[in-house]
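What follows is each chain in one-letter form.
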Amino acid sequence: MSRSIVRQSKFRHVFGQPVKTEQGYDDIRVSKVTWDSSFCAVNPKFLAVIVESSGGGAFLVLPLSKMGRLDKNHPLVTGHAGPVLDIDWCPHNDNILASGSEDCTAMVWQFPDQMGTRPISEPIVVLEGHSKRVGIITWHPTTRNILLTAGSDNLIIIWNVGTGEPLITMDDHPDLIYNVCWNRNGSLFCTTCKDRRLRVCDPRKREVVAERMAPHEGIRPMRAIFTRDGNLFTTGFTRMSQRELGLWDPTNFEEPIALLELDTSNGVLLPYYDPDTNMVYLCGKGDSSIRYFEITDEPPYVHYLSTFSSKEPQRGMGFMPKRGVDVSKCEIARLYKLHDKKCEPIAMTVPRKSDLFQDDLYPDTAGPDPALEPEEWLEGRDEDPILQSMRDGYVPPKSRELKVAKKNVLDSRPTTRRSMSSCDGSTNLNCTKTKCKMLN
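Rules behind the numbers
- Residues numbered from 1 in each chain as written.
- Predicted model: local features only at pLDDT ≥ 70, side-chain atom pairs only at ≥ 80, totals over all residues.
- Heavy atoms only, no water.
- Pairing = 2+ DSSP bridges.
- Helix = DSSP H or I, 4+ residues; strand = E, 2+ residues; numbered from the N terminus.
- Axes fitted to C-alpha atoms, helices over the stretch in contact; angles between N-to-C directions.
- Buried < 20%, exposed > 50% of the residue type's maximum accessible area, 1.4 Å probe, protein only.
- Contact = heavy atoms within 4.5 Å.
- Phe/Tyr/Trp six-rings, centres within 6.5 Å; stacked < 30°, edge-to-face > 60°.
- Lys NZ or Arg CZ within 6 Å of the ring centre and 35° of its normal.
- Disulfide = S-S within 2.5 Å.
- Salt bridge = Lys/Arg side-chain N within 4 Å of Asp/Glu carboxyl O.

As named in an unreviewed UniProt entry, the chain is Coronin, taken from Esox lucius.

Below you can see the structure in the form of structure tokens.
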């Protein structure tokens, strides 16, 4: 008599649970701009959401503790002259965020733990190097002050925000870049592009080290992320417009490790990956569900776990870094679902009866300390993230300030630091006057 063997996994019974209504964030007018970014960024201190605004672009920054209805006097961040397209919190400083906009600039902002009531319009650094809108912003995972931006001019620029200087510019993409993702130690990044190619790039060599034509046969946008093992997880569409996911080995792009058809829908699937559990959460814009999968070394390699479903479609999604989850409730992930006028946290939980710390669910995770300085990374060094224990839950790190230190105290130039990737002589003179550095 044959018995079906059920695959053993501690994540088989993970379930999603939305928080109570009073623990959500209400009266947030989420942006209606047509761009396939998540519109939301979250860390253990703050929630940031791109919002509707008249005249220029704006986003909202809320302390996580400020739940319930949004205060009418809560300030917006209004420095951009065009709609904001993407935002990303710095992994090494919970008070620093970068934003990209249709006004062709990226800006870096610092927020105090206690927000005031006046609109915030002065960034620390303005990064000017793109000739078209800046739609992708992503921080380096292990190196202090390194930020990558990608624009509709098909350029990728890597900046040192501590000095405001462009370090590396890559123009290998002939068409619109859909997404960019660093690998675990930041030695490589992968991109998807409108020319239907998946590329793996080495920024310090300024070259594409691997590429695959049409990992998904459909012409609709793709997404790609690195897993902790160095493989690539992709989402896209088949020729018949069915949504599809794939797992690829970048050293052998001929055949996929796994390829799985999902459903027929228009929304691009945005993948959110947790390297500690090797789980990936798929959220489609306009969907009302979140599917989650576990990636393993055993066939079929990408294992479907379950689906969290609700009635309301999502406009965007934020993903909490692992150090911000609640270990006392066996929470392994928390997503922040954007509705039309509110943000709803959803906790992903492993059902356990014990109240003790669960070592098997919480291996040491990436902490807030950078492993490298920009100069070390540029010289070719690579380091994995510095790990921290989760046994004590979230412990706020010492606040480090990104300072603009002026050489001449009596200089009347504004405090906002503007930097350009193609400076003329006079700008270069100013560039050397001002230095930004993160103080420990």
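Colleague: Requested: an account of the sheet that holds strand β4 (residues 46-51), with residues and values cited.
Modeller: The strand order across the open sheet built from four strands is β3-β4-β5-β7, with neighbouring strands paired in antiparallel fashion. Every interior strand has two partners, whereas the edge strands, β3 (40-42) and β7 (76-80), have only one. Shown here is a sheet whose adjacent strand axes are inclined to one another by a mean of 20°, direction ignored.

Colleague: Any details on unusual backbone geometry? Residues and values, ideally.
Modeller: With an omega of 0°, the peptide bond running from P299 to P300 counts as cis. Position of P300 among the secondary structure elements: in the loop between β26 (289-295) and β27 (302-309). Within the chain, F39 stands out as a residue other than glycine whose phi angle is a positive 65°. If you trace the backbone, F39 turns up in the loop between β2 (25-26) and β3. When its relative accessible area of 2% is taken as the criterion, F39 is described as buried.

Colleague: Describe the environment of G236, naming the residues involved and giving the relevant values.
Modeller: Mapping G236 onto the fold places it in strand β21 (residues 232-237). Exposure remark for G236: the relative accessible area of 4% places this residue in the buried category. Along the chain, G236 and A214 lie 22 residues apart, while their C-alpha atoms are 9.6 Å from each other. Those residues in contact with G236, other than ones at most four positions away along the chain, are H216, P221, M222, Q242, R243 and E244.

Colleague: Could you give an account of the packing of aromatic side chains, with specific residues and numbers?
Modeller: All told, the structure shown has 12 aromatic pairs when counted by the stated rule. When the centroid spacing of 5.9 Å and the interplanar angle of 85° are considered together, the rings of F59 and W109 count as edge-to-face. Of this pair, F59 sits in strand β5 (residues 57-63) while W109 sits in strand β10 (residues 105-110), placing them 50 residues apart in sequence. Measuring from centroid to centroid gives 6.1 Å for W182 and W377, while their planes differ by 80°, and the two rings are edge-to-face. Here W182 is found in strand β16 (residues 177-182), whereas its partner W377 is found in helix α1 (residues 374-378), with 195 residues between them in sequence. The buried category is assigned to W182, whose relative accessible area is 7%. Members of the aromatic cluster, connected to one another through ring pairs, are F46, F59, W89, W109 and F111. The ring of F237 has R220 sitting right over it, with the charged end atom 4.7 Å from the ring centre. The ring of F39 carries the charged tip of K285 above its face, separated from the ring centre by 3.7 Å.

Colleague: Give me the state of the cysteines: which residues, what numbers.
Modeller: Under the criterion given, the structure shown has zero disulfides. Here C201 is not cross-linked by a disulfide; its sulfur's nearest cysteine counterpart is in C190, at 8.6 Å. Judged by its relative accessible area of 0%, C201 is buried.

Colleague: Describe the sheet that holds strand β20 (residues 223-226), with residues and values.
Modeller: An order of β20-β21-β22-β23 is seen for the four strands of this open sheet, with the pairing classed as antiparallel. Each edge of the open sheet is held by one strand with a lone partner, namely β20 and β23 (258-264). For this sheet the average axis-to-axis angle between neighbouring strands, irrespective of direction, equals 15°. Note that strand β22 (residues 242-248) and β23 share five bridges and pair antiparallel. Counterpart to L245 in the pairing with β23 is L260.

Colleague: Would you mind going over the pairing of strand β29 (residues 331-338) in detail, with residue names and values included?
Modeller: Along any regular strand the residues' side chains alternate between the sheet's two faces. Burial of β29 is extensive: eight of the eight residues sit out of reach of the surface. Note: strand β28 (residues 316-319) against β29, four bridges, orientation antiparallel. Bridge pairing in β29 places G316 opposite L338. A loop of three residues connects β29 with strand β30 (residues 342-349), the two strands running antiparallel in sequence.

Colleague: Please provide a residue-by-residue account of the pattern of salt bridges, values included.
Modeller: All chains considered together, the criterion is met by 24 salt bridges. For D382, the salt bridge goes to R204, with nearest N and O atoms at 2.7 Å. With D382 in the loop between α1 and β32 (387-388) and R204 in the loop between β18 (197-202) and β19 (207-213), the pair connects residues that are 178 residues apart, well separated along the chain. Residue classification places D382 among the partly exposed positions, given a relative accessible area of 32%. For R204, a relative accessible area of 17% gives the class buried.

Colleague: So, the pairing of strand β9 (residues 96-101): which residues are in play, and what are the values?
Modeller: Of all six residues in β9, six are buried; the element is thus mostly enclosed. Side chains of β9 alternate between two faces, with I96, A98 and G100 and L97, S99 and S101 buried alike. Strand direction decides the pairing type here: strand β8 (residues 84-89) and β9, joined by five bridges, are antiparallel. Paired with I87 across the two strands is S99, which belongs to β9. A loop of six residues connects β8 with β9, the two strands running antiparallel in sequence. Here β9 runs beside β10; their pairing, made up of five bridges, is antiparallel. Bridge pairing in β10 links S99 to M107.

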